[in-house]
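Structure assessment
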Amino acid sequence: MQLPNGIRHLPGYLDRPAQEALVEAIRAVVADAPLFTPVMPGTGKEMSVRMTNCGSLGWVTDKQRGYRYQPTHPVTGRPWPAIPSQLLDFWRDVAGYEKPPEACLVNFYSDDARMGLHQDRDEQDLKAPVLSVSLGNTCLFRVGGLSRKDRTLSFKLASGDIVVLGGEGRLCFHGVDRIYPATSTLLKSGGRINLTLRRVQP
Ligand code: SIN
Ligand code: FE2
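Our subject in this report is the structure included herewith. Since the model is a prediction, treat every value here as computed from it, not as a measurement. (Residues numbered from 1 in each chain as written. Chains lettered and ligands numbered in written order. Predicted model: local features only at pLDDT ≥ 70, side-chain atom pairs only at ≥ 80, totals over all residues. Heavy atoms only, no water.)

**A word on the coordination of the iron ion (ligand 2)**
For the iron ion (ligand 2), the full set of protein donor atoms is His118 (NE2), Asp120 (OD) and His174 (NE2), and the range of their distances to it is 2.1 to 2.2 Å. Each of the four donor atoms around the iron ion (ligand 2) contributes to a set of angles spanning 90 to 174°, which defines the coordination as irregular. Site description for the iron ion (ligand 2): donor spacing in sequence, H-x1-D-x53-H. In this pair, His118 sits in strand S6 (residues 115-118) while His174 sits in strand S11 (residues 174-179), placing the two residues 56 residues apart along the sequence. (Donors = N, O, S within 2.8 Å, 3.2 Å for Na, K, Ca; no water. Tetrahedral: all angles 85-135°; square planar, octahedral: opposite > 155°, others 65-115°. Helix = DSSP H or I, 4+ residues; strand = E, 2+ residues; numbered from the N terminus.)

Listed below in structure tokens is the structure:
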């Protein structure tokens, strides 16, 4: 399978102990910055994932103000917690970008959640890659080109996999078609966690 230029899949980048440590770190993030249900701008339709963030900026969306980054949690009003150190290490080792990530979006997928095809384009710095870490149940990930009409291909992402969207692939359309229940024992209640690290400001 030939991925679009700039898109890299690193299967099994995190071993099981690293996955367990990261889940613990994300539990601490969620305890401080609770998961919220994002809604689409305009329509107010709820997305099927629940999300939170860590880092100096977090990605949020609501009916009135749409997609944006902000320094505080939309419900608690508090600053987002810090990005766990192991994620900063992955960024340093894999992203190949001099500046650190500012935002880490935490998406929690129940086994029936999905994410429609979209581009990550709310960042001012599009030279930095997006680095994504998968934990828990396997998903079917879909990636296309720079136009929504371009041909797409799909492949599975398992717990511990990293995907990098960088270079020419930075703005490729992508989404999650489905989660495969009971494909990982990492998360006691099932589902999948995806962490995406982004640099927002140049
Ligand atoms: C996203 O595009 O924000 C999430 C991708 C994923 O869940 O793998
Ligand atoms: Fe995305």
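**Some points on the environment of Trp59**
Mapped onto the elements of the fold, Trp59 is located in strand S3 (residues 58-60). The spatial distance from the C-alpha of Trp59 to the C-alpha of Ile83 is 14 Å, given a sequence separation of 24 residues.

**Quick look at the side chain of Ser184**
Looking at where Ser184 falls in the secondary structure, it is placed in the loop between S11 and strand S12 (192-198). Residue Ser184 is classed as buried on the basis of its relative accessible area of 18%. Of the polar contacts made by the side chain of Ser184, one reaches the backbone nitrogen of Leu186; its length is 3.0 Å. Setting aside residues up to four positions removed in sequence, Ser184 forms contacts with Gly136, Asn137 and Ser159. (Buried < 20%, exposed > 50% of the residue type's maximum accessible area, 1.4 Å probe, protein only. Polar contact = N/O pair within 3.5 Å; in protein donor to acceptor, adjacent residues only side chain to side chain. Contact = heavy atoms within 4.5 Å.)

**Some words on the packing of aromatic side chains**
Under the criterion given, the structure shown has three aromatic pairs. A ring pair is formed by Tyr13 and Phe90, whose centres lie 5.6 Å apart and whose planes are at 85°; its orientation type is edge-to-face. Taken together, the residues Tyr13 in the loop between strand S1 (7-10) and helix H1 (16-32) and Phe90 in helix H2 (residues 85-95) connect sequence positions 77 residues apart. The partly exposed category is assigned to Tyr13, whose relative accessible area is 34%. By relative accessible area, Phe90 is classed as buried at 11%. The positively charged end of Lys156 is found above the aromatic ring belonging to Tyr180, 4.5 Å away from the centroid. Over the ring of Tyr109 we find Arg192; its NZ or CZ atom is 5.0 Å from the centre of that ring. (Phe/Tyr/Trp six-rings, centres within 6.5 Å; stacked < 30°, edge-to-face > 60°. Lys NZ or Arg CZ within 6 Å of the ring centre and 35° of its normal.)

**Focus: the layout of surface pockets**
By volume, the largest pocket amounts to about 750 Å³. Taken together, 37 residues line the largest pocket, and the ones lying closest to its centre are Met47, Met115, Gly116, Leu117 and His118. Lining the second largest pocket are 13 residues, and of these Arg27, Leu35, Phe108, Leu187 and Ile193 sit closest to its centre. Taken together, the elements giving at least two residues each to the lining of the second largest pocket come down to H1 and strand S5 (103-109). Top element by residues in the lining of the second largest pocket is H1. It accounts for four residues. (1 Å grid on protein atoms, 1.4 Å probe; cavity = no way out; pocket = protein on both sides within 12 Å on 5 of 7 lines; lining within 4 Å. Points joined across faces, edges and corners; volume = space filled by probe spheres on them.)

**Details of the sheet that holds strand S8 (residues 139-143)**
Think of a sheet as strands paired side by side through backbone hydrogen bonds, with each pair either parallel or antiparallel. One open sheet accounts for four strands, arranged S6-S11-S8-S9; its pairing is antiparallel. The sheet is open, and its two borders are formed by S6 and strand S9 (153-157), each paired with just one other strand. Adjacent strand axes in the sheet meet at a mean angle of 25°, parallel and antiparallel pairs treated alike. Across five bridges, S8 lies against S9 in antiparallel orientation. In the sheet register, Phe141 faces S9, and the bridge partner there is Phe155. (Pairing = 2+ DSSP bridges. Axes fitted to C-alpha atoms, helices over the stretch in contact; angles between N-to-C directions.)

**Re H1**
Taking 1.5 Å per residue, 17 residues should reach 24 Å; H1 reaches 25 Å between its end C-alpha atoms and fits that length. Regarding H1, the residues found buried are Gln19, Leu22, Val23, Ala25, Ile26 and Val29. Where H1 is buried, its residues touch strand S2 (50-55), H2, S5, strand S7 (130-136) and S12. Between a side-chain oxygen at the N-terminus of H1 and the backbone nitrogen of Ala18 the separation is 2.9 Å; the capping residue is Asp15. (Expected span 1.5 Å × (residues − 1).)

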